[in-house]
Amino acid sequence: MGARGGARRRPGRSGAGMLLHLLPEFDLRRDVVPWLAARGWAAALDTSENSSVLYIVNVERNGKIIYTWKGNQRNTHIGLYDLQTKQNEHLYMFERDLRIISCSVNNERTLLAVSFHQYTEEERVSQLLQSVSKYLTLLIEIHPINNVRVLKAVDSCVRVQFLYPLEGRSTMESHLLVVSEDKYIEQFDIHVVAEEEHKVVIQNSGQIPKARVADDLVWAQWDMMEQRLFYIVPKESRSTLKCVQFYPDENSNSILESNLDMSLNDTQLKLVNFGYDYCQDQDVASKSLNLQVFTSKAGGLCVCCSLASDIPDEITYSVYFLHKGYSKTFTVSLERRESHQLKEVAFMSLDYYVAAYLPGQFLHLLNIQHPDLLCYSLFLTGEDARIDMLQNCSTQSPRVSTVLDCCVGSMYAVSISDSALLQFLWNSKQDSERLAALHCALLYFRCTGDLEMQIIWWISKNLSTCHSFDPIQEFIIASLYCRMCPETPNLDKLLPYTSLLDWIGIIRGVTCATDIISLPVLEFQNSKGFWEKLNSNLESVKYAEPHLHYHNNVLRREWRNLSEQIEERTTTAYLRNVFENARKVLSHLDTLDSEERLVPLFQEEDYQQQLLMGLMVAQLKDHLMRHLQYVGKKKIDQIVLDYVANLLNLVHRIMKEVWRRYQLHSCILCFDERGSAGEFAVFHVMSRILEAANGMCMPLPPGFHTLHLGLGVRCLPLHTLLHYIDIGVLHLTETCVRKLLKDLDDTEKNEKLKLSIVMRLPEALGLKVRQFWNHPINANLIAQKYVKLLLEKLEKRQCSRPLPERLSVPMEFLPLNYLTNMLAEIENQGGHPYEKRDHVNVRFVEETALKHTMMLLGLKYS
């Protein structure tokens with residue numbers, strides 16, 4: 001299955017900053033050449049003409065970079081640069097002109113493993129050296145420089161890599177991986193002993209013990225930070241990805257096996273992060289498999305692969321999301337292609353994202369944690385995709401958020417630029433770009449402070465431009481997700497991270513096909529960290545992950561049912577518990593936001609919103625208890641309170657930012673003047689917040705509807721105001737209506753407004769607030785309502801005869817006399833509907849009727 005679209009991409013926007021920010025961590029010219037020159041070793045260096053004279057050979061786990069250079073006498077030197085101390089160190093010198101292929105130093109810097117090319121084919125023929133091995137692999141004691149052991153003397157290329165124990169741990173045993181071009185990997189176990197004057201020598205006098213780690217592989221990658229060896233073994237129609245985990249206690253085990261739907265039988269061996277041989281790798285790059293494995297802290301495991309395409313101006317690459325059980329294959333039509341450019345995608349790891357980069361063409365940031373919807377991945381072209389410091393594909397990603405440019409000899413820390421991302425968000429015209437940038441800002445940066453303020457401002461200005469998603473919903477849900485999930489394992493699988501259920505849009509210029517793949521098989525016991533998280537991700541896929549996320553379908557239905565109970569004044573123990581939940585949320589909210597509140601919210605009771613708060617607490621608690629029993633009830637109670645309180649706080653945060661932007665004051669419920677343009681803008685934002693809340697069945701802060709209605713009265717013409725009330729955009733609240741009835745004088749315009757509001761009041765609310773408008777029209781409405789209620793009682797009580805006369809005014813008007821006598825009898829029989837309002841009775845009805853009649857006749861009533 002797949003979503004397809006092939007429209008031409010628009011060029012990058014002028015003035016936009018580069019999204020990926022590269023900070024140089026190491027550069028040969030800057031950090032090494034001055035040190036060489038100071039020691040007289042730089043005379044032979046001419047890096048502008050021959051980049052093989054000085055180049056990086058390897059990057060070790062502890063941040064030490066191994067490089068090689070040619071000295072004045074064409075001697076071959078090996079040096080080491082420490083990223084932490086910024087110091088260089090000379091490790092070893094060969095008194096010959098050699099081409100170093102691979103090099104690694106152990107953690108204690110007592111042993112050096114080196115693989116090099118002894119002679120070229122021409123040298124072997126000219127010097128009659130056919131019987132001499134082409135490649136030599138040595139193990140050298142360098143503390144101090146002493147004995148040299150030959151590990152391999154073969155005609156196939158060999159790479160070496162020492163295993164590293166935990167940081168700060170010293171041991172008398174080192175372990176070395178040796179990777180052969182003949183498609184096997186061995187592990188050498190080297191024991192050392194300390195002699196006089198701190199000399200360290202190899203203990204074994206004979207053969208160094210070794211064991212076979214892997215056979216018949218066509219591809220291998222070393223994860224130096226986590227000490228993992230990934231490799232691929234080909235089969236008939238598919239290949240198998242395997243992983244060996246090396247532990248600090250010097251044990252190891254094969255922990256992962258995953259079938260990949262790709263045939264690699266004829267592929268030349270490709271090694272990733274086993275050092276870099278400039279000359280050889282340039283030749284191999286276009287012939288071998290371009291594939292890398294990336295992991296993330298959240299338990300993500302991805303295989304990125306650039307596939308050969310038969311179409312000249314088209315490139316195809318696939319990402320296997322092994323932790324999700326599917327792969328996505330992307331095909332991009334290139335707008336231009338220079339003949340000298342390598343048609344190969346460079347892959348980089350940013351933990352939350354994997355970047356696919358083709359210089360001069362595109363930059364694709366693929367979301368690892370939520371790859372299901374394409375709209376959460378950023379696809380950039382033109383200036384947006386430009387990375388000035390990376391203009392070729394000869395790059396490796398030796399660790400997360402790090403790029404090694406092997407041609408230039410530089411290593412960079414890679415990050416997404418928050419300023420460039422915001423600029424991209426403001427300039428984007430497509431919903432897919434906006435949503436991807438918004439999601440990146442919220443979840444990658446876990447935005448707080450100024451970035452969050454900028455995002456809220458963008459939302460307030462783009463409420464009408466986003467057609468396929470609601471930016472307020474996405475902001476609230478994604479912000480809650482990134483605030484809550486880091487605190488508790490597996491909570492990310494139970495809370496929603498998006499407001500979207502699916503995405504029917506396309507990414508312009510990209511064709512995507514999605515395929516279901518088999519889940520990897522893990523074999524581990526009591527393993528923590530990454531493997532535990534990966535296993536949890538795989539388990540959630542098996543149990544249909546989308547169904548684990550909390551949703552509001554039941555909440556909406558129960559809220560409506562309980563709202564009817566409140567209107568009927570029915571109180572149950574369950575309802576009391578629900579309102580107690582709401583009380584706890586509001587109390588907890590005060591601890592989250594102790595600042596003085598700029599916006600007049602949280603200043604009144606709102607039973608409907610409190611009911612919704614309490615219900616959300618109850619249902620979310622039930623949902624988490626089903627899947628997180630091991631966390632404990634007390635912890636889950638706290639998670640739920642945090643979630644709902646943060647939800648309300650986010651709404652208040654939106655309100656506070658727009659309130660501050662438009663410089664509004666808190667005395668907004670004054671109805672004697674019209675609202676400003678700023679107030680109208682805030683009213684529009686509040687209307688969209690209400691729409692978003694209704695769509696998600698999300699509670700709003702108490703006082704929200706009062707403030708919204710107050711702004712509506714100030715900003716809207718009467719017919720629009722009444723229309724908004726009738727369709728449910730504005731909600732009549734006791735606080736606002738009471739203030740409106742009391743504060744506005746009874747001009748003709750205000751009378752019309754008040755009457756229109758009073759006529760629309762729900763019955764229960766009308767009983768409370770009509771008394772605050774001392775006006776004949778209002779009295780007439782109250783009397784009519786009172787008579788209606790009494791007559792409804794009459795139908796039940798079967799009143800048959802009138803009482804004696806009880807006229808309060810000496811006036812003979814038989815219809816009125818009859819009506820008042822009948823109502824009085826109903827009152828005496830216990831049918832008073834307004835028990836708490838003594839002044840509303842039969843006498844009140846009688847006087848109101850007479851006043852109304854005299855007014856209609858144009859007579860004066862006294």
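Scroll up to find the structure this text is about.
Notes on the structure in this doc start here. (Residues numbered from 1 in each chain as written. Predicted model: local features only at pLDDT ≥ 70, side-chain atom pairs only at ≥ 80, totals over all residues. Heavy atoms only, no water.)

## Observations regarding the sheet that holds strand β5 (residues 87–94)
- With antiparallel pairing, four strands are arranged side by side in an open sheet as β2-β3-β4-β5. Of all the strands in the sheet, just β2 (54–59) and β5 have a single pairing partner and so form its edges. Put simply, the sheet's adjacent strands are angled 25° from each other on average, direction ignored.
- Of the strand pairs in this sheet, strand β4 (residues 76–82) and β5 are connected by seven bridges, and their pairing is antiparallel. Its bridge partner being in β5, Tyr81 is matched across the sheet by Asn88.
- Packing of helix α1 (residues 28–38) onto the sheet brings it into contact with β2, β3 (64–70), β4 and β5, and relative to β2 it is tilted by some 115°. (Pairing = 2+ DSSP bridges. Helix = DSSP H or I, 4+ residues; strand = E, 2+ residues; numbered from the N terminus. Axes fitted to C-alpha atoms, helices over the stretch in contact; angles between N-to-C directions. Contact = heavy atoms within 4.5 Å.)

## Things to note about the nonpolar core
- Ranked by size, the top nonpolar core spans 134 residues in total, and within it Leu20, Leu365, Leu378, Ile476 and Met655 carry the most contacts.
- Top element by residues in this core is helix α12 (residues 633–661). It accounts for 15 residues.
- If we ignore the near neighbours within four places in the chain, the residues touching Leu365 are Leu19, Leu20, Leu350, Tyr353, Val354, Ala355, Ser377, Leu378 and Ile416.
- Phe116, Leu139, Ile140 and Ile208 belong to the second-largest nonpolar core, a separate cluster that totals 35 residues. (Core = buried A, V, L, I, M, F, W, Y, C linked by side-chain atoms within 4.5 Å. Buried < 20%, exposed > 50% of the residue type's maximum accessible area, 1.4 Å probe, protein only.)

## Thoughts on the sheet that holds strand β31 (residues 510–516)
- The antiparallel open sheet is built from five strands, whose spatial order is β20-β21-β22-β23-β31. Looking along the sheet, the strands with just one partner apiece sit at the ends: β20 (290–295) and β31. Taking the axes of each pair of neighbouring strands and ignoring which way they run, one obtains an average angle of 15° across the sheet.
- Note: β20 against strand β21 (residues 301–307), six bridges, orientation antiparallel.

## Here's the deal with helix α10 (residues 573–592)
- If you check α10, its first and last C-alpha atoms are 29 Å apart, about what 20 residues at 1.5 Å a residue would give, namely 28 Å.
- Listed as buried for α10 are Leu575, Val578, Asn581, Ala582, Val585, His588 and Leu589. Down the axis, α10 shows its buried residues gathered within 145° of arc, on one side only. Those residues of α10 that are exposed and aimed more than 90 degrees away from the buried face are Ala573 and Thr591. (Expected span 1.5 Å × (residues − 1). Arc of directions from axis to C-beta.)

## Section: the pattern of salt bridges
- Per the stated rule, a full pass over the model turns up 29 salt bridges.
- Between Arg483 and Glu452 there is a salt bridge whose closest N-O contact spans 2.8 Å. With Arg483 in helix α7 (residues 471–484) and Glu452 in helix α6 (residues 449–461), the pair connects residues that are 31 residues apart, well separated along the chain.
- Through salt bridges that share partners, Lys152, Glu186, Lys210, Arg212 and Asp215 make up one connected network. (Salt bridge = Lys/Arg side-chain N within 4 Å of Asp/Glu carboxyl O.)

## Some words on the packing of helix α13 (residues 677–696) against helix α14 (residues 704–715)
- Axis separation between α13 and α14 bottoms out at 9 Å; the angle between their running directions is 140°. Between α13 and α14, the angle falls in the class oblique. Taken as a pair, α13 and α14 cross one another with a handedness that is left-handed. Side by side, α13 and α14 meet where Glu679, Phe680, Val682, Phe683, Met686, Ser687, Ile689 and Leu690 of the first sit next to Phe704, His705, Leu707, His708, Leu711, Gly712, Arg714 and Cys715 of the second.
- For the contact of α13 with α14, the class distribution of residues is 10 nonpolar, four polar and two charged. (Parallel < 35°, antiparallel > 145°, perpendicular 65-115°, else oblique. Left-handed = near helix turned anticlockwise from the far one by under 90°. Nonpolar A, V, L, I, M, F, W, Y, C, P; charged D, E, K, R; others polar.)

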